[in-house]
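Single-letter residue listing:
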Amino acid sequence: MHNLGQLAQIIKAELIGDPQALVQRARPFDLAGEGDITFAVNAAYRSRITQSPATAIIIAPPAEASNVNLLIAANPKLAYARAIQALHGKPYQPTGVSSDLIAGRGTAMGRDLSIHPRVTIGQDSVIGDRVTLHAGVVICDRCRIGDDTIIFPNVTVYDDSEIGSRVIIHAGTVIGADGFGFVPDEEGRKVKMLQMGRVRIEDDCEIGANCAIDRGGFGDTVIERGAKLDNLIQVGHNTEIGEDTVVVALTGFSGGTRVGRRCVIAGQVGTVHHISIGDGATVTAKAVVTKNVRAGARVGGMMPARDYKDWKRSQVLYFKLPEIVERLKRLEKAVRKMEADDN
Amino acid sequence: MHNLGQLAQIIKAELIGDPQALVQRARPFDLAGEGDITFAVNAAYRSRITQSPATAIIIAPPAEASNVNLLIAANPKLAYARAIQALHGKPYQPTGVSSDLIAGRGTAMGRDLSIHPRVTIGQDSVIGDRVTLHAGVVICDRCRIGDDTIIFPNVTVYDDSEIGSRVIIHAGTVIGADGFGFVPDEEGRKVKMLQMGRVRIEDDCEIGANCAIDRGGFGDTVIERGAKLDNLIQVGHNTEIGEDTVVVALTGFSGGTRVGRRCVIAGQVGTVHHISIGDGATVTAKAVVTKNVRAGARVGGMMPARDYKDWKRSQVLYFKLPEIVERLKRLEKAVRKMEADDN
Amino acid sequence: MHNLGQLAQIIKAELIGDPQALVQRARPFDLAGEGDITFAVNAAYRSRITQSPATAIIIAPPAEASNVNLLIAANPKLAYARAIQALHGKPYQPTGVSSDLIAGRGTAMGRDLSIHPRVTIGQDSVIGDRVTLHAGVVICDRCRIGDDTIIFPNVTVYDDSEIGSRVIIHAGTVIGADGFGFVPDEEGRKVKMLQMGRVRIEDDCEIGANCAIDRGGFGDTVIERGAKLDNLIQVGHNTEIGEDTVVVALTGFSGGTRVGRRCVIAGQVGTVHHISIGDGATVTAKAVVTKNVRAGARVGGMMPARDYKDWKRSQVLYFKLPEIVERLKRLEKAVRKMEADDN
């Protein structure tokens, strides 16, 4: 529980109202009541703030007179995210190391840990302080897990992976499997390119569930500080994802992709080998990125769904575009001729 | 083993033939022999029923004279599915609770269980009767698992998830990981929106392998009664999937998608945040659904694969469509002018 | 460590230089130094071979005079892959069988095994010689795992699966879950088609992380000898993937797809039920294969990403193609009329 005076400071908002009023929960606008803080996500909600029974409402400037306590913030959603953290975030409490931990020779464990049952750690790994490892986590040899990192159940971390501090890895994700590198031999059989690099995940990253982040061929696959990956994402060998970039579910990065900082990569996107996407670029859903994208650009390419028959009609004509253009050319020629004849 | 008289009742078909004839297996048409029941999936197979050595064949109406025992059913595939169940489905036999079960304080276990080795359950969870949990399953705190539910190996169920009765969850699936919610702060760093909701999976659902079904932000992500999900499906926070809807592999639902009842969502489909898809709608493979879809509609949008050169040619012209339309306009103007001059 | 004389034989290249020179590492061109072998991947690198401090460089013919030791190979990348194997591949060393292995009745274990802790094997399975099973692997009943196969952590192998020799399966992958087969009943509820087939993975395959390969309905899902699958791939029931075919990440095969030998299936591809793709065909990224593809063909279909506004402009006109073609027809008619009038 916080009073609004404290909370305004924590969420970096300006309070117009009673600094002693107490809030104990953050709740969506339509569910918020007495003792709750909420936010008005858009003009429609804003027009209803005087009717809300919430104890406080976060809004964007300008301030206005109101019977409700208002918290004015340039970015109300950000202020709301901070309010949720302040009211609902639970301070870390170590649960200790399960007696059935299996850890190999040379592995060093930090302090104040929360190691659940059925965790397996290989040899010569280093586990930082206040790390949480859930049941079924397998960490192989020579890995490093930074302080305050949380790894959910059934995650696999292959040999030699390096994971920073305050990282969250959701269940089922695989870090450091071999990159996909094969060369056909004289008979067409595929010869494996040994994958000798590593995965490095920097501080403050969050990786969703059931992702696959492959180790580098030579050198490292890198997820830079603060990048956030959704679920079921494929990161090919030697790909680098820049700081604070977000990547939505089911996207796949081919080997050697370089994604800049603060990019937004939407869902089900694919990239071709070795292309690079500049800082701050946006790639919209389902696009296949086949060329470098410059910083700040917005690229897309997939058709939205339409009525099936409409789409089918256009799709048939799409494949007739060469013929359509031929017909257009013939017409242009005929018209030019007629125009010349007329003169 | 069943005689055809019994089986006709079970599969709700009309028997034309010997009610005492015995069948012990269901088999595909081309493999079916003496003692087998099969079905004629289309006219081509139907024309061959008199040559089949099968003991019985399920066909659609109308009935016909035949040397083979026929089972007439409005939906032969449905009747066949029921025949397979009747002949090959195994009644549940509890295998007991493995002595190495790890279960936390306050967790209540039902009766007649099949708990394989290496299962981990947290605190204050409730496991129903006749539940099967395979090796490597991790169920966290305060979960509920309904009666007769089967969870395959290495599935993770996060805190507070609710799973109904007769649900099947295939291996590697993750239920209840955090939704993907972040807000950039003043420096562009991503602040996590705490995900405080839950996942609720209702009775009779089946979830494929390696899916990821995120918990709600506030409120729940819901898979309604009887919905069936294939493998590698992403379900974002607060998405609701309606009763008896089927979803094919590699599809991703953004947060807050509402999918109606009895929809068919094909493979590799994507949806944009907060759109809704009406009851009975069909979305064809790979479409990106960017707007609401009305009940019963059929929407699509992805191009089928074509000869690479043909496609490339059309694809180049696709990006010239604005120019093509300009040329068309100029022509129309020229022709109108000539027509006017002629008059 | 090898001398160049030996290494030339191993990698099937022609040495121009000192057969006694020693190399101990393979390294990328720009990182290679004394004691290293590398390869010149293209003309740009080739022009720089005299400046490289590497001990040996693999190049394509023709040979040339150089101060560096050269290894001439028709396929330099293949020769390089072999050099990496020769210098960095580690001979198998059995680590033994962990004392906490749980294996059911009737399961037979081979010799010289590496069974890590927390492995679970069901009943009546057969594990070959020199097999490596990592922590968290669950192998169910009546499975066969061939010699020299490596299965990484948290992989699930369902009942009755057959896995060949020298197969590699990466972490989190699920082999043999039920295929996706349902029939709506009279009330629209989905009745499960029992999935009674198996999965068979032949020798020398490699399967990436977090894949899902479903068992057959009747009969088998088959991954033929030497096929290589990347991460997060969906293989539907009764699909067959031919020898030495490679499949890139996030691709999904519907049930009953037949993929020939030595095909290249790029990333995020989808296939429609029961189509077949001929030997040696290529399917480019993100295509949806809706019809049979003949041997050797190259098919594609997804638009590459473009500037968002350009793409939006074309995309709007795409849906106006029927109208554009109408306008074209009217023009053609008007022009024909005018031409006739002129004559």
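Note that the coordinates shown come from a computational prediction; the quantities given were computed from them, not determined experimentally.

### Side note on the pairing of strand β7 (residues 69–72) of chain B
All names here are of chain B. Sheet topology places strand β2 (residues 14–16) next to β7; three bridges connect them, and they run antiparallel. Within the sheet, the bridge partner assigned to Leu15 lies in β7 and is Leu71. In the sheet, strand β6 (residues 56–59) pairs with β7 via four bridges, with the strands oriented parallel. Bridge assignment links Ile59 to a residue of β7, and that residue is Ile72.

### Things to note about the confidence of the model for chain A
Fine structural detail should not be taken from predicted coordinates in areas where pLDDT scores are low. The share of residues in chain A with pLDDT of 70 or more is 100%, and the mean pLDDT across the chain is 95. What the predictor reports for the complex is a pTM of 0.96 with an ipTM of 0.95.

### Describing the packing of helix α5 (residues 321–342) of chain A against helix α5 (residues 321–342) of chain C
Their axes nearest at 10 Å, the elements α5 of chain A and α5 of chain C cross at an angle of 35°. For the crossing formed where α5 of chain A meets α5 of chain C, the hand is left-handed. Of the residues in α5 of chain C, those in contact with Ile324, Arg327, Leu328, Leu331, Ala334, Val335, Met338 and Asp341 of chain A of α5 of chain A are Val325, Leu328, Leu331, Glu332, Val335, Met338, Glu339 and Asp342 of chain C.

### Comments concerning the interface of chain C and chain B
Taken together, the contact pairs 58 residues of chain C with 60 residues of chain B. For the side of chain C that touches chain B, the secondary-structure elements that each account for two or more residues are β22 (182–184), β23 (190–192), β38 (288–289), β39 (298–300), α4 (308–318) and α5 of chain C. It is α5 of chain C that provides the largest number of residues to the side of chain C that touches chain B, a total of eight residues. Class assignment for the residues of the side of chain C that touches chain B results in 31 nonpolar, 16 polar and 11 charged.

### Some words on unusual backbone geometry
Cis geometry is found at the peptide bond from Pro61 of chain B to Pro62 of chain B, where omega equals 0°. Locating Pro62 of chain B in the fold gives a position in the loop between β6 and β7. Located in the positive-phi region is His274 of chain A, a residue other than glycine, with phi close to 70°. Its place among the elements puts His274 of chain A in the loop between β35 (270–271) and β36 (276–277).

### Quick look at the sheet that holds strand β11 (residues 114–115) of chain B
One open sheet accounts for 12 strands, arranged β40(A)-β39(B)-β37(B)-β34(B)-β31(B)-β28(B)-β25(B)-β20(B)-β17(B)-β14(B)-β11(B)-β8(B); its pairing is mixed. Only two strands of the sheet have a single neighbouring strand rather than two, namely β40 (306–307) of chain A together with β8 (96–97) of chain B. Pairing between strand β34 (residues 264–265) of chain B and strand β37 (residues 282–283) of chain B: two bridges, direction parallel. Looking at β37 of chain B, one finds that Val264 of chain B is bridged to Thr282 of chain B.

### Regarding the pairing of strand β5 (residues 36–39) of chain C
All names here are of chain C. Because side chains alternate across β5, one face comprises the buried residues Asp36 and Thr38, and the other comprises Ile37 and Phe39, equally buried. Bridge count for strand β4 (residues 25–26) against β5 is two bridges, and the pairing is parallel. Looking across to β5, one finds that Arg25 is bridged to Asp36. Direction of pairing for β5 relative to strand β6 (residues 56–59): parallel, over a ladder of three bridges. Following the sheet pairing, Ile37 is matched in β6 by Ala56.

### Re the interface of chain A and chain B
Accessible area lost upon the coming together of the parts is a frequently used measure of interface size. Between chain A and chain B, the contact holds 60 residues from the first and 58 residues from the second. Secondary-structure elements contributing two or more residues to the side of chain A that touches chain B are α3 (76–88), β40, α4 (308–318) and α5 of chain A. When residues of the side of chain A that touches chain B are assigned to their parent elements, the largest contribution, 10 residues, is made by α5 of chain A. Bridging between β40 of chain A and strand β39 (residues 298–300) of chain B involves two bridges; their strand directions are antiparallel. Paired with Asp307 of chain A across the strands is Val299 of chain B, a residue of β39 of chain B.

### A word on the nonpolar core
Membership of the largest hydrophobic core comes to 194 residues, with the highest contact counts inside it found for Val283 and Val289 of chain A, Val283 and Val289 of chain B together with Val283 and Val289 of chain C. Apart from the residues within four sequence positions on either side, Val283 of chain C is in contact with Ala305 of chain B together with Ile265, Ala266, Val269, Ile277, Val289, Val293 and Val299 of chain C.

### A short note on the domain arrangement of chain A
One can read the domain layout of chain A as domain 1 (2–88) and domain 2 (308–342). Computed from C-alpha coordinates alone, the two centres of domain 1 of chain A and domain 2 of chain A are separated by 59 Å.

### Section: the environment of Asp141 of chain A
Here Asp141 of chain A shows up in the loop between β15 (138–139) and β16 (144–145). Ignoring sequence-local partners within four residues, the contact set of Asp141 of chain A consists of Gly104, Gly122, Gln123, Asp124, Ser125 and Asp159 of chain A.

### A closer look at the relation of the copies chain A and chain B
Turning chain A through 120° and shifting it by 0.0 Å along the axis lays it on chain B, with an RMSD of 0.1 Å. Such a turn and shift between the copies fits a three-fold axis.

### So, helix α1 (residues 4–11) of chain A
Residues and elements named next belong to chain A. Residues of α1 that are buried include every one of Leu4, Leu7, Ala8 and Ile11, and no others. Buried residues in α1, looked at end-on, bunch into an arc of 105°, giving them a common side. Buried residues along α1 sit in contact with β1 (2–3), β2 (14–16), β3 (22–23), β6 (56–59), β7 (69–72) and α3.

### So, the sheet that holds strand β36 (residues 276–277) of chain C
Sheet strands pair by backbone hydrogen bonding; their relative direction is either parallel or antiparallel. Residue and element names in this part refer to chain C. Strand order in the open sheet formed by nine strands is β10-β13-β16-β19-β24-β27-β30-β33-β36, with parallel pairing between adjacent strands. Either end of the sheet is taken by a strand with one partner, and the two such strands are β10 (108–109) and β36. Two strands pair when backbone bridges link them, and strand β19 (residues 162–163) and strand β24 (residues 198–201) are joined in this way by two bridges, in the parallel orientation. Among the inter-strand pairings, Ile163 is bridged to a residue of β24, identified as Ile201.

### Focus on the packing of helix α5 (residues 321–342) of chain B against α4 of chain C
How two helices sit against one another is set out by the angle between their axes and by the gap between those axes. In contact at an axis separation of 8 Å, α5 of chain B and α4 of chain C are set at 55° when each is read in the N-to-C sense. Between α5 of chain B and α4 of chain C, the angle is such that the two are oblique. When α5 of chain B is examined against α4 of chain C, the residues Leu321, Pro322 and Val325 of chain B are found in contact with a partner set consisting of Arg313, Ser314, Leu317 and Tyr318 of chain C. When its residues are assigned to classes, the contact of α5 of chain B with α4 of chain C shows five nonpolar, one polar and one charged.

Reading the values: rules and limits
- Residues numbered from 1 in each chain as written.
- Chains lettered and ligands numbered in written order.
- Predicted model: local features only at pLDDT ≥ 70, side-chain atom pairs only at ≥ 80, totals over all residues.
- Pairing = 2+ DSSP bridges.
- Helix = DSSP H or I, 4+ residues; strand = E, 2+ residues; numbered from the N terminus.
- pLDDT = per-residue confidence, 0-100.
- Axes fitted to C-alpha atoms, helices over the stretch in contact; angles between N-to-C directions.
- Left-handed = near helix turned anticlockwise from the far one by under 90°.
- Contact = placed C-beta atoms within 7 Å.
- Nonpolar A, V, L, I, M, F, W, Y, C, P; charged D, E, K, R; others polar.
- Buried ≥ 20, exposed ≤ 12 C-beta atoms within 10 Å, placed from the backbone.
- Core = buried A, V, L, I, M, F, W, Y, C linked by C-beta atoms within 7 Å.
- Domains from an automatic or database assignment.
- Least-squares fit on C-alpha atoms with pLDDT ≥ 70 in both.
- Arc of directions from axis to C-beta.
- Parallel < 35°, antiparallel > 145°, perpendicular 65-115°, else oblique.

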